[in-house]
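# Summary of structural features
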Amino acid sequence: SEKHSVHHLGGGVVHNGGRPAGLLPDSQPGKMVDNTPWFLLHPQDRITGSNHDMVDELVRSGALMKEECISALKSVDRRHFWPAEAARFAYADTPLRSGRLHLSAPHIYAKALESLLPLSPGMSFLNVGSGTGYFNSVVSELIGPLATNHGVELWPETVAHARQRCCALNKGSIEFTVGN
């Protein structure tokens, strides 16, 4: 079993916006101390250059197979939901975290989306732990703008981010609520 550590720069690397892993301001390796973007890069990770490339890589790897899911993921650019200062990593098949914002790895979203099938226009969707709003937006491609599509998230600033990002994509019908 492959191990990943913030201390082993040849294996897994926790990238923290430019500082080498283990050299955080409070000298506690692996601890998130501010809103600096963090993500774990594994040796096999491939950082692709576009959302379409990311989805094509998911198909190639076998993580994504259903045509309607391929189309939905290609229609919603993952980078739109991530802070600009770390946007170049938005297409890596790895989880991302920046402060209270998080995105699961793209292959996780692919598997989750396919497990929800069949989805059709008008169906309802509730996403508890909705984060950036990315997954609600992807699901909206399958259930349409007239469906009930609701996200619940703990942090008000994360809900504000999700609302803003979805509205910018004309997905204002997706509702987000602060809750637990």
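Report follows, based on the coordinates. (Residues numbered from 1 in each chain as written. Predicted model: local features only at pLDDT ≥ 70, side-chain atom pairs only at ≥ 80, totals over all residues. Heavy atoms only, no water.)

Attention now moves to the pattern of salt bridges. Enumeration according to the criterion identifies four salt bridges in this entry. The salt bridge involving R60 is made with E57; its shortest N-O contact spans 2.5 Å. Here R60 pairs with E57, and both are found in helix α1 (residues 51–61), just three residues apart, close to one helical turn. Judged by its relative accessible area of 19%, E57 falls in the buried class. A salt bridge links R100 to E157, with the nearest nitrogen and oxygen atoms 2.8 Å apart. With R100 in the loop between β3 (96–98) and β4 (101–103) and E157 in helix α5 (residues 156–168), this pair connects stretches of sequence that are 57 residues apart. (Salt bridge = Lys/Arg side-chain N within 4 Å of Asp/Glu carboxyl O. Helix = DSSP H or I, 4+ residues; strand = E, 2+ residues; numbered from the N terminus. Buried < 20%, exposed > 50% of the residue type's maximum accessible area, 1.4 Å probe, protein only.)

Listed in full, the buried residues belonging to α1 are N51, M54, V55, E57 and L58. When α1 is viewed along its axis, its buried side chains cluster within an angular range of 155 degrees and face the same direction. Taken together, the buried residues of α1 touch α2 (67–75), α3 (106–115) and α4 (134–143). (Arc of directions from axis to C-beta. Contact = heavy atoms within 4.5 Å.)

Turning next to unusual backbone geometry. Omega for the peptide link from L117 to P118 comes to 5 degrees, which places this bond in the cis form. Looking at the secondary structure, you find P118 in the loop between α3 and β5 (125–128). Of note in this structure, N170 is not a glycine but carries a positive phi near 60 degrees. Relative to the elements of secondary structure, N170 occurs in the loop between α5 and β7 (175–178).

Before going further, it helps to spend a moment on the pairing of β5. Put simply, side chains in a regular strand alternate between the two faces of the sheet. Alternating positions in β5 separate cleanly, F125 and N127 being buried on one face and L126 and V128 remaining unburied on the opposite face. Both β5 and strand β6 (residues 149–153) contribute to a ladder of four bridges, which runs parallel. Residue pairing for β6: V128 is matched across the bridge by V152. As for the winding sense of the linkage, the β-α-β connection from β5 through α4 to β6 is right-handed. (Pairing = 2+ DSSP bridges. Right-handed = clockwise from strand over helix to strand, strands pointing away.)

Turning our attention to the sheet that holds β5. Taken together, three strands build an open sheet; the order of strands is β5-β6-β7 and the sheet is parallel. In the strand order of this sheet, the two ends are held by β5 and β7, each with one partner. The average undirected angle you get between the axes of adjacent strands in this sheet is 15 degrees. Pairing between β6 and β7: four bridges, direction parallel. When the sheet's bridge partners are listed, V152 is paired in β7 with T177. Contacts from α5 reach β6 and β7, with the element oriented near 170 degrees to β7. (Axes fitted to C-alpha atoms, helices over the stretch in contact; angles between N-to-C directions.)

This paragraph deals with α3. Listed in full, the buried residues belonging to α3 are P106, Y109, A110, L113 and E114. Viewed end-on, α3 has its buried residues packed into an arc of 125 degrees, placing them on one side of the element.

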